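Close look at the chain arrangement
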Amino acid sequence: MRVHICAMGRLRAGPEKSLVDDYLTRFDRTGRGLGLGPARVVEMEDKKGGGMAAEAVLLQRAIPQGAVICVLDERGKVETSPAFAERLGTWRDAGRGDLAFVIGGADGIDPSLRVQADHALSFGKMVWPHMLVRVMLAEQLYRAAAILSGGPYHRV
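Residues numbered from 1 in each chain as written. Predicted model: local features only at pLDDT ≥ 70, side-chain atom pairs only at ≥ 80, totals over all residues. Heavy atoms only, no water.

- The protein chain goes by Ribosomal RNA large subunit methyltransferase H in an unreviewed UniProt entry, where it is assigned to Sulfitobacter indolifex HEL-45.
- Under the UniProt heading Sequence similarities (unreviewed entry), the entry covering the protein chain gives this text: "Belongs to the RNA methyltransferase RlmH family."
- Here is the UniProt Catalytic activity (unreviewed entry) comment for the protein chain, exactly as written: "pseudouridine(1915) in 23S rRNA + S-adenosyl-L-methionine = N(3)-methylpseudouridine(1915) in 23S rRNA + S-adenosyl-L-homocysteine + H(+)". (UniProt positions renumbered as here; feature names shortened; annotations may be inferred.)

Next up, the structure:
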């Protein structure tokens, strides 16, 4: 199952980009034998400043046809790492070829895109900087692959 992180904004060189790249490399290595990956980041910029509605159009274009859509949203479900790993495994086992994680811009995700989602995921009740959400998601993808592989990565 290919993983697409569809995100508003460009992640410039720096510590966040280094972390995302590192965790996604680890995810690809660990997930390959499990039918997970590769993972890629698709970045969009709303240069015209059209707000959430314009961002939703750009994000929609980046989501592969037929993909499972998981939006990152503070109103989403807070899950444990093992539950997140199980969810990934369930989507994979259902034969879904693509999984798109959607990260909106500064104002969040337009309701028209949010209602299309198969799942809404939250990393807690607080709102996180969107660039940091990428790091957290990349790390959780790697952790999920490690859990699904039977590794000792903080299993419960």
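**Brief notes about the UniProt feature "binding site: S-adenosyl-L-methionine" (unreviewed entry) in the protein chain**
- Feature annotation in UniProt assigns "binding site: S-adenosyl-L-methionine" (unreviewed entry) to the following positions: Leu 72, Gly 104, Phe 123, Gly 124, Lys 125, Met 126, Val 127 and Trp 128. Within the annotated group just given, the residues that line the largest pocket are Leu 72, Gly 104, Phe 123, Gly 124, Met 126, Val 127 and Trp 128.
- Secondary-structure assignment places Gly 104 in the loop between β4 (98-103) and α4 (111-114).
- Residue contacts for Gly 104: discarding those within four places in its chain leaves Met 8, Leu 59, Ile 109 and His 130.
- Counting through the fold element by element, Phe 123 comes out in the loop between β5 (119-122) and α5 (130-148).
- Dropping the residues within four chain positions of it, Phe 123 is found in contact with Leu 72, Trp 128, Val 133, Met 136, Leu 137 and Gln 140. (1 Å grid on protein atoms, 1.4 Å probe; cavity = no way out; pocket = protein on both sides within 12 Å on 5 of 7 lines; lining within 4 Å. Helix = DSSP H or I, 4+ residues; strand = E, 2+ residues; numbered from the N terminus. Contact = heavy atoms within 4.5 Å.)

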